[in-house]
Amino acid sequence: MTSDSCETLFEIGLNLLAQDQFGEAAEQFSRILSVEPDNIEALRKRSQAFFYDAEFEKALADLNTAIAIAPDQPNLYIDRANMQIILDETADIREDAETALKLDPNDSAAYVTLANYWNVHFDLEKMAEMINLALQIDPNDFAALNYQSYIFNYKSQSKESEQCLNRACEILEKKLTKENRDYDSLIFYKIISFSKNNFELALDIGNEIIRRFPKLPFTYVNRGQTFAQLNDFSDAQSDFETAEKMFDQLEIKDSRLYCGQAEMLLRQGEPNRVCELLEQVFGRIPDNPAALIYWLDAAQAIIAAEEKSIDIDKTIDKANHLCQLVPNYYHAFLLRSLFLAQKNDWHASDDDFEWAIDLLPKTTEYQFIAAAIAYNTGRYTTVHKRYMPARDLFNDILQREPDNIDALVWRGMTWTSLGIYDCAVKDFSRALELKGVDADILIRRASALLGLGNCSFTCSYYRKAIADFTLAIEINPKDSKHWFERGVAWFLVARKAWFGTKKSLQNSIDDYSEAIRLDSKNADIWYNRALSYWFLLNIDAVIDDCSAALRFNTNHIDARELRAQAYRRCGEIKKSAEDYLFIEQMDNRNH
């Protein structure tokens, strides 16, 4: 075969690659290599064809051969490093990237590759150093711009982050013509669109990538994450399952798949499943910061739901591990502060909280995170409260952004927790003026109005709360909590305003009945309806509802005590005594 024939075959191979006919392209390059085994470009292109066809071992073998033949070509080391880190995020690719830099100190791609390595290992300082060097060499390197945006975002420099993303998009849109849409550029275009929250465009690009490169499992992980952001959990799960099967067939264990699934499960409100899922990652990569962060976020959500399923000692161990791995990451210390508070280790919790605040960029987004953690730490404990620092942080935000609805709502919640209900009502009312009718804010304002009502001699605040609950019910009639809360408000009206007591009590019973229809296993609702029946002197209904409450929560002391009183009133002294004895035994166990 002549050199001219090899050149022709090379052009045919390139055309087949462009047409996504990877097997056929590999055959053309193989024909060249059968007569020119030292043809470096043929080896590179065949490696690329093998990679797109999910023949990863063959792809790496070609790059290894090429490097053995031409050890002075830096692009070969970059190709191998990038392929290795795609196939195994734990791969130590520094030697290849550093070798490339020794051969060509002005190779921006080598710096970007090193930055990717430090990104995987969550060392953002070293990552930033590499990206700055890459951009000094090539200010239009879209991959470097994408990573720099990520770094700016981490530092809460949102304006600078957006500028980088816009610049990278501009470069890519010029590069990605109809005829030239290479894999690497498409991947970064998809990532950047995702980062800009343009999920519809990211999905379109993800669809194109999968259509053209259907054998690459990583692309299904990326599209699954996009579906999850669009709350299309069915399609997201389908993509994750497809990726998992492909990884299994290829004998690749990829924690990025599990982290993508974890993010979806957190959005679906299933934190317990997140913790179970990520244990598979820790068995292989115990030092994976991303998996640790998802695990701890899930633990926080479990605590927020006031569940008892979390092992707090194990959680603190994982938080310690994350703080050691990323000692300047504020979120790790905020989370550990919360978990230490659960153990009543207030001194250590305070130290972590103060350290996190020092690390935190003083911008709205990050102050929100700190204030929310401060508020929740107070909420989940009774001895030690952090509502005041939470309020101060929300005050700082609202001084800069007086119409920030989220800050108004959160500060309103903080005022409510502090028992300063008039300030809470003002914040919720202002939020409603800005946002319009919103069920969640109405419920919060109604709860603050109930607090004001408890401090008042009239029922006016209770009746205002009932009006808010009513509006919330009209917006979302299927939420049992709304019916329950309005039932409580009617009961309070009945207790405070003796005139019209029966009508208000009947209103509360009607609301509790609707709440029971929507949530029949909630012991608190059954108990509250029993309480209303008690004041209407319907003793049989009291016994029935208390018994229902105790079926769903045998340790519901209030329901058992009320039933004991009802039994005694109707002359069933033995049954009353049994309930009082159970309560006494419970008290003895608790002490």
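Our structure's up above, just so we're on the same page.
If you're wondering where the values come from, they're calculated on a predicted model, not measured in any experiment.

Asker: What should I look at first to understand the overall build of the protein in this one?
Answerer: Helix and strand content of the protein: 32 helices and 0 strands. Expressed along its principal axes, the backbone C-alpha trace of the protein runs to roughly 110 × 50 × 45 Å. Across the 591 residues in the protein, those meeting the buried criterion constitute 52%. A separation threshold of at least 6 residues defines the contact pool for the protein, and within that pool the share at least 24 residues apart is 52%. Working note: accessible area of the protein is about 28400 Å², and carbon and sulfur atoms make up 48% of it. Charge centroids of the protein, computed over 65 positive and 93 negative side chains, lie 9 Å from each other.

Asker: Whenever I open this one, the nonpolar core confuses me. Can you help?
Answerer: If you look at the biggest cluster of nonpolar residues, it comprises 89 residues, and the most contacted ones within it are Phe51, Tyr52, Phe56, Leu87, Tyr183 and Leu216. With residues up to four places along the chain from it excluded, the contact list for Phe56 reads Phe51, Leu87, Leu216, Phe218, Leu250 and Ile252. Within the second largest apolar cluster, 79 residues are counted, among which are Ala262, Ala390, Tyr462 and Ile466.

Asker: Can you help me understand the packing of helix α23 (residues 405–418) against helix α24 (residues 421–435) in this one?
Answerer: The geometry of a pair of packed helices is captured by two quantities: the angle between their axes and the separation between those axes. In the contact formed by α23 and α24, the axes pass within 8 Å of each other and the chain directions differ by 160°. Classified by the interaxial angle, the pair formed by α23 and α24 is roughly antiparallel. In the crossing of α23 with α24, the sense of the turn from one axis to the other is left-handed. Listed contacts from α24 to Ile405, Leu408, Val409, Arg411, Gly412, Met413, Trp415 and Thr416 of α23 are Tyr421, Cys423, Ala424, Asp427, Phe428, Arg430, Ala431, Leu434 and Lys435. Here the residues of the contact of α23 with α24 sort into 11 nonpolar, 2 polar and 4 charged.

Asker: Looking at this structure, how should I read the pattern of salt bridges?
Answerer: Side-chain pairing between opposite charges can occur once the charged atoms of the two side chains come close. All told, the structure shown has 31 salt bridges when counted by the stated rule. With its nearest N and O atoms 3.4 Å apart, the salt bridge here joins Lys435 to Asp438. A relative accessible area of 17% means that Asp438 is categorised as buried. Residue Arg445 pairs with Asp468 through a salt bridge whose shortest N-O separation is 2.7 Å. Remark: Asp468 occurs in helix α26 (residues 460–475) and Arg445 occurs in helix α25 (residues 439–454); sequence separation between them is 23 residues. Classification of Asp468 by relative accessible area gives buried; the value is 5%. Shared partners join several salt bridges into a network, and the residues in it are Asp20, Arg181, Glu208 and Arg212.

Asker: When you look at the packing of aromatic side chains in this model, what are you seeing that I'm missing?
Answerer: How two aromatic rings sit relative to each other is given by the distance of their centres and the angle of their planes. For the structure on display, the rule yields 19 aromatic pairs. Plain terms: the ring middles of Phe51 and Tyr52 are 5.9 Å apart, the flat faces sit at 65° to each other, and that makes the pair edge-to-face. Taken as a pair, Phe51 and Tyr52 share a single burial class, namely buried. On the numbers, 5.5 Å between centres and 65° between planes, the contact of Phe491 with Phe535 is edge-to-face. One end of the pair, Phe491, is in helix α27 (residues 480–496); the other, Phe535, is in helix α29 (residues 523–535), and 44 residues separate them in sequence. On the basis of relative accessibility, which here comes to 33%, the residue Phe535 falls in the partly exposed class. The residue whose ring lies beneath Lys318 is Trp295, and the NZ or CZ to ring-centre distance is 5.2 Å. Stacked on the ring of Phe582, the Lys or Arg Arg560 has its end atom at 3.8 Å from the ring centre.

Asker: Help me understand helix α12 (residues 199–212) in this model?
Answerer: Residues spaced three or four apart along an α-helix face the same direction, because each turn holds 3.6 residues. Compared with the 20 Å implied by 1.5 Å per residue over 14 residues, the 20 Å span of α12 between its first and last C-alpha is a close match. Burial in α12 covers these residues: Phe199, Ala202, Leu203, Ile205, Gly206, Glu208, Ile209, Ile210 and Arg212.

Asker: It is not clear to me how the environment of Arg411 should be interpreted in this structure. Could you clarify?
Answerer: Inspection of the secondary structure puts Arg411 in helix α23. Here Arg411 falls in the buried class, since its relative accessible area comes to 17%. In the structure, Arg411 is positioned 16 residues away from Asn395 in sequence and 7.8 Å away in space, judged by C-alpha atoms. Setting aside residues no more than four positions away along its own chain, Arg411 makes contact with Arg391, Phe394, Asn395, Leu398 and Asp427.

Asker: Would you explain the environment of Glu244 in this entry?
Answerer: Relative to the helices and strands, Glu244 resides in helix α14 (residues 233–250). Residue Glu244 is classed as partly exposed on the basis of its relative accessible area, which comes to 27%.

Asker: Can you walk me through empty space enclosed by the protein in this structure?
Answerer: In this approach a probe as big as a water molecule rolls over the atoms, and the regions it shows empty are the leftover space. Under the counting rule described, the total for this entry stands at 2 cavities of 30 Å³ or more. The computed volume of the largest cavity comes to approximately 50 Å³. Along its surface, the largest cavity is lined by Glu244, Phe247, Asp248, Ile252, Lys253, Asp254, Leu257 and Tyr258. For the lining of the largest cavity, the secondary structure elements donating two or more residues are α14 and α15 (255–267). No other element matches α14, which puts 3 residues into the lining of the largest cavity. In the lining of the largest cavity, the residues fall into 4 nonpolar, no polar and 4 charged. Taken as a whole, the second largest cavity spans an internal volume of roughly 40 Å³.

Asker: It is not clear to me how a nonpolar patch on the surface should be interpreted in this structure. Could you clarify?
Answerer: Nonpolar side chains collect at one region of the surface, where Val437, Leu471 and Ile475 lie side by side and expose about 260 Å² of accessible area between them. Relative to the helices and strands, Leu471 is located in helix α26.

Asker: Is there a simple way to explain the side chain of Asp468 in this structure?
Answerer: Reaching out from Asp468, the side chain makes a polar contact with the side chain of Arg445 at a distance of 2.7 Å. Setting aside anything within four residues of it in sequence, one finds Asp468 in contact with Leu442, Arg445, Ala446 and Leu449.

Asker: What is the right way to read α23 from this model?
Answerer: Compared with the 20 Å implied by 1.5 Å per residue over 14 residues, the 20 Å span of α23 between its first and last C-alpha is a close match. Looking only at α23, the buried set comprises Ala407, Leu408, Val409, Arg411, Gly412, Met413, Thr414 and Trp415. Its side-chain oxygen placed 3.2 Å from the backbone nitrogen of Asp406, Asn404 serves as the N-cap of α23.

Asker: What is the right way to look at the packing of α15 against helix α17 (residues 289–304) in this model?
Answerer: One way to put it is that α15 packs onto α17 with a least axis distance of 10 Å and a crossing angle of 20°. With respect to α17, the element α15 is oriented roughly parallel. Seen from above, α15 lies across α17 with left-handed handedness. Contacts from Cys259, Ala262, Glu263 and Leu266 in α15 reach Ala290, Ala291, Tyr294, Asp297 and Ala298 in α17. A breakdown of the residues in the contact of α15 with α17 according to their chemical character gives 7 nonpolar, no polar and 2 charged.

Parameters at a glance
- Residues numbered from 1 in each chain as written.
- Predicted model: local features only at pLDDT ≥ 70, side-chain atom pairs only at ≥ 80, totals over all residues.
- Heavy atoms only, no water.
- Helix = DSSP H or I, 4+ residues; strand = E, 2+ residues; numbered from the N terminus.
- Buried < 20%, exposed > 50% of the residue type's maximum accessible area, 1.4 Å probe, protein only.
- Contact = heavy atoms within 4.5 Å.
- Areas by Shrake-Rupley, 256 points an atom, 1.4 Å probe, with all protein chains shown as cover.
- Lys, Arg positive; Asp, Glu negative; His and termini not counted.
- Charge placed at Lys NZ, Arg CZ, Asp CG, Glu CD.
- Core = buried A, V, L, I, M, F, W, Y, C linked by side-chain atoms within 4.5 Å.
- Axes fitted to C-alpha atoms, helices over the stretch in contact; angles between N-to-C directions.
- Parallel < 35°, antiparallel > 145°, perpendicular 65-115°, else oblique.
- Left-handed = near helix turned anticlockwise from the far one by under 90°.
- Nonpolar A, V, L, I, M, F, W, Y, C, P; charged D, E, K, R; others polar.
- Salt bridge = Lys/Arg side-chain N within 4 Å of Asp/Glu carboxyl O.
- Phe/Tyr/Trp six-rings, centres within 6.5 Å; stacked < 30°, edge-to-face > 60°.
- Lys NZ or Arg CZ within 6 Å of the ring centre and 35° of its normal.
- Expected span 1.5 Å × (residues − 1).
- 1 Å grid on protein atoms, 1.4 Å probe; cavity = no way out; pocket = protein on both sides within 12 Å on 5 of 7 lines; lining within 4 Å.
- Points joined across faces, edges and corners; volume = space filled by probe spheres on them.
- Patch = residues over 30% accessible without salt bridge, like charges linked within 9 Å, V, L, I, M, F, W, Y side chains within 5 Å.
- Polar contact = N/O pair within 3.5 Å; in protein donor to acceptor, adjacent residues only side chain to side chain.

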